[in-house]
Amino acid sequence: MLNLSRLATFVAVVDAGSFTAAAVALGQTKAVVSFHLRQLEAELGVTLLLRSTRRLTLTDAGERLYQRSLTLLKDADALREEVQASHQGFSGELRVTTTPEYANHVVGPALAAFSRAHPALRIRHFSSSQPADLISQRVDVAIRLGTLQDSAYRAALISRFAIFPVASPQWLERHPVSSLAALSEADWLVHTRLSSPLRWVLTGSDNAPAEFDITRPPAIAADSAGA
C-alpha cells in the first residue's frame with residue numbers, strides 16, 4: 001500500500017528541484033525528506049530520481065509515479081474536504097456530571113460552546129460532589145476532585161490547583177492567631193471531599209513545611225467549596 005505522506009514528499013522534491021528546498025517547503029529536515037524518498041524507492045523496488053551534484057532527474061518510473069501522484073493527492077484532498085463537509089457534528093445525548101463549583105466556573109461555559117458547535121446533540125448536566133456510578137446513571141463524563149480509586153474507569157488529569165486555609169477579617173479581629181497550635185483550635189469549616197480535611201501542611205516564609213492537625217471538632221463540615 002502506497003504511503004500518501006511519502007508520495008507528497010516525493011512530489012514536493014520534484015516540484016522544488018532539490019531535497020533542501022523541499023525540506024524548507026515541507027517544514028522538515030533534509031534528512032527526513034531523504035529518508036522518505038529512500039523508503040518509497042525501497043517499497044516500490046525502483047529508482048525514482050537520479051541524483052547529481054547539480055540537479056535531480058526523474059527516471060521513467062519516477063515520471064509515471066509523479067503524474068499519478070498528482071492525481072492521487074488531489075483526490076485525497078477532495079475526499080477529505082467532502083467528508084469534513086458532510087460531518088454535521090455529534091447527535092444523541094451527552095450526560096456529564098461535575099462538582100458544583102467546577103460546573104459554574106469551567107464546565108458550564110464549555111458545555112455552552114460545545115452545544116453551539118453540535119446543535120443536534122442534547123446535553124444533560126447534573127452537579128454533585130458525590131462519586132458517580134457511571135454505569136447505572138448512564139454517565140458519559142464525570143469530573144471529580146481528588147485521586148481516582150481503584151476501578152476500571154479511564155481517567156485523565158484536567159488541571160491542578162492549590163488549596164489554602166482562609167479566614168474572614170472579622171474572625172481574625174476577634175481571634176488573633178499567634179501560632180499553629182492556636183490555629184488548630186480555631187472554628188474550622190472543613191471540606192469533607194479533601195483527602196485529609198483535618199490535617200494541613202503549610203509553608204512559611206522560610207519555605208519550611210509545618211504540619212498541624214485540627215484538634216477541635218470542626219464547627220461545620222461540608223462537601224462543597226461553595227459552602
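Conventions adopted
- Residues numbered from 1 in each chain as written.
- Predicted model: local features only at pLDDT ≥ 70, side-chain atom pairs only at ≥ 80, totals over all residues.
- Heavy atoms only, no water.
- Helix = DSSP H or I, 4+ residues; strand = E, 2+ residues; numbered from the N terminus.
- Rg over C-alpha atoms; globule rule 2.2 N^0.38 Å.
- Buried < 20%, exposed > 50% of the residue type's maximum accessible area, 1.4 Å probe, protein only.
- Contact = heavy atoms within 4.5 Å.
- Areas by Shrake-Rupley, 256 points an atom, 1.4 Å probe, with all protein chains shown as cover.
- Lys, Arg positive; Asp, Glu negative; His and termini not counted.
- Charge placed at Lys NZ, Arg CZ, Asp CG, Glu CD.
- Pairing = 2+ DSSP bridges.
- Patch = residues over 30% accessible without salt bridge, like charges linked within 9 Å, V, L, I, M, F, W, Y side chains within 5 Å.
- Salt bridge = Lys/Arg side-chain N within 4 Å of Asp/Glu carboxyl O.
- Right-handed = clockwise from strand over helix to strand, strands pointing away.
- Phe/Tyr/Trp six-rings, centres within 6.5 Å; stacked < 30°, edge-to-face > 60°.
- Core = buried A, V, L, I, M, F, W, Y, C linked by side-chain atoms within 4.5 Å.

**Describing the overall build of the protein**
Now for step 1: A count of helical and extended segments in the protein gives seven helices and nine strands.
Now for step 2: Computed over C-alpha atoms, the radius of gyration of the protein comes to 31 Å, more than 25% over the 17 Å expected from 2.2 N^0.38 for 227 residues, which places it beyond the range of a compact globule.
Now for step 3: When its C-alpha atoms are laid out on the principal axes, the protein stretches across 90 × 50 × 35 Å.
Now for step 4: Within the span of the protein, comprising 227 residues, buried residues form 24% of the whole.
Now for step 5: For the protein, the share of sequence-separated contacts (at least 6 apart) that also reach a separation of at least 24 residues comes to 60%.
Now for step 6: Carbon together with sulfur atoms contributes 55% to the accessible area of the protein, which is approximately 15,900 Å² in total.
Now for step 7: Side chains of the protein carry 22 positive and 21 negative charges; the gap between the two charge centres is 7 Å.

**Regarding the pairing of strand E8 (residues 209-213)**
Now for step 1: Note that strand E7 (residues 199-203) and E8 share five bridges and pair antiparallel. Counted as the bridge partner of Arg-199 is Asp-213 from E8.
Now for step 2: Hairpin geometry of E7 and E8 is characterised by an intervening segment of five residues between the two adjacent antiparallel strands and by a positive phi of about 65 degrees at Asn-207.

**Considering a nonpolar patch on the surface**
Now for step 1: Taken together, the side chains of Leu-2, Leu-4, Leu-44, Val-46 and Leu-72 present a nonpolar region at the surface, about 360 Å² in accessible area.
Now for step 2: Tracing the sequence through the fold places Leu-2 in the segment before helix H1 (4-16).

**Re the pairing of strand E4 (residues 121-127)**
In summary, the side chains of a regular strand alternate between the two faces of the sheet.
Now for step 1: When strand E3 (residues 92-98) meets E4, the two strands line up parallel, connected through seven bridges. Note on E4: the bridge partner recorded for Arg-95 is Arg-124.
Now for step 2: A crossover links E3 with its parallel partner E4, the connecting element being helix H5 (residues 100-117), and its sense is right-handed.

**Examining the packing of aromatic side chains**
Aromatic rings in a pair are described by how distant their centres are and how their planes are angled relative to each other.
Now for step 1: Using the criterion set out here, one finds three aromatic pairs in the structure.
Now for step 2: Relative to Phe-212, the ring of Trp-188 lies with its centre 6.2 Å away and its plane at 45 degrees, an arrangement referred to as tilted. With a gap of 24 residues between them, Trp-188 in the loop between helix H7 (180-184) and strand E6 (189-191) and Phe-212 in strand E8 connect regions that are remote in the sequence. When sorted by exposure, Trp-188 lands in the same class as Phe-212, which is buried.

**With respect to the nonpolar core**
Now for step 1: Grouped together as the largest cluster of nonpolar side chains are 16 residues, with contacts concentrated most on Phe-10, Val-13 and Leu-37.
Now for step 2: Put simply, the parts of the chain that give this core at least two residues each are H1, helix H2 (19-26), helix H3 (30-44) and helix H4 (60-86).
Now for step 3: Take this core: its biggest share by element is five residues, from H1.
Now for step 4: In this structure, Leu-37 is in contact with Thr-9, Phe-10, Val-13, Phe-19, Leu-49 and Arg-51, ignoring residues within four places of it in sequence.

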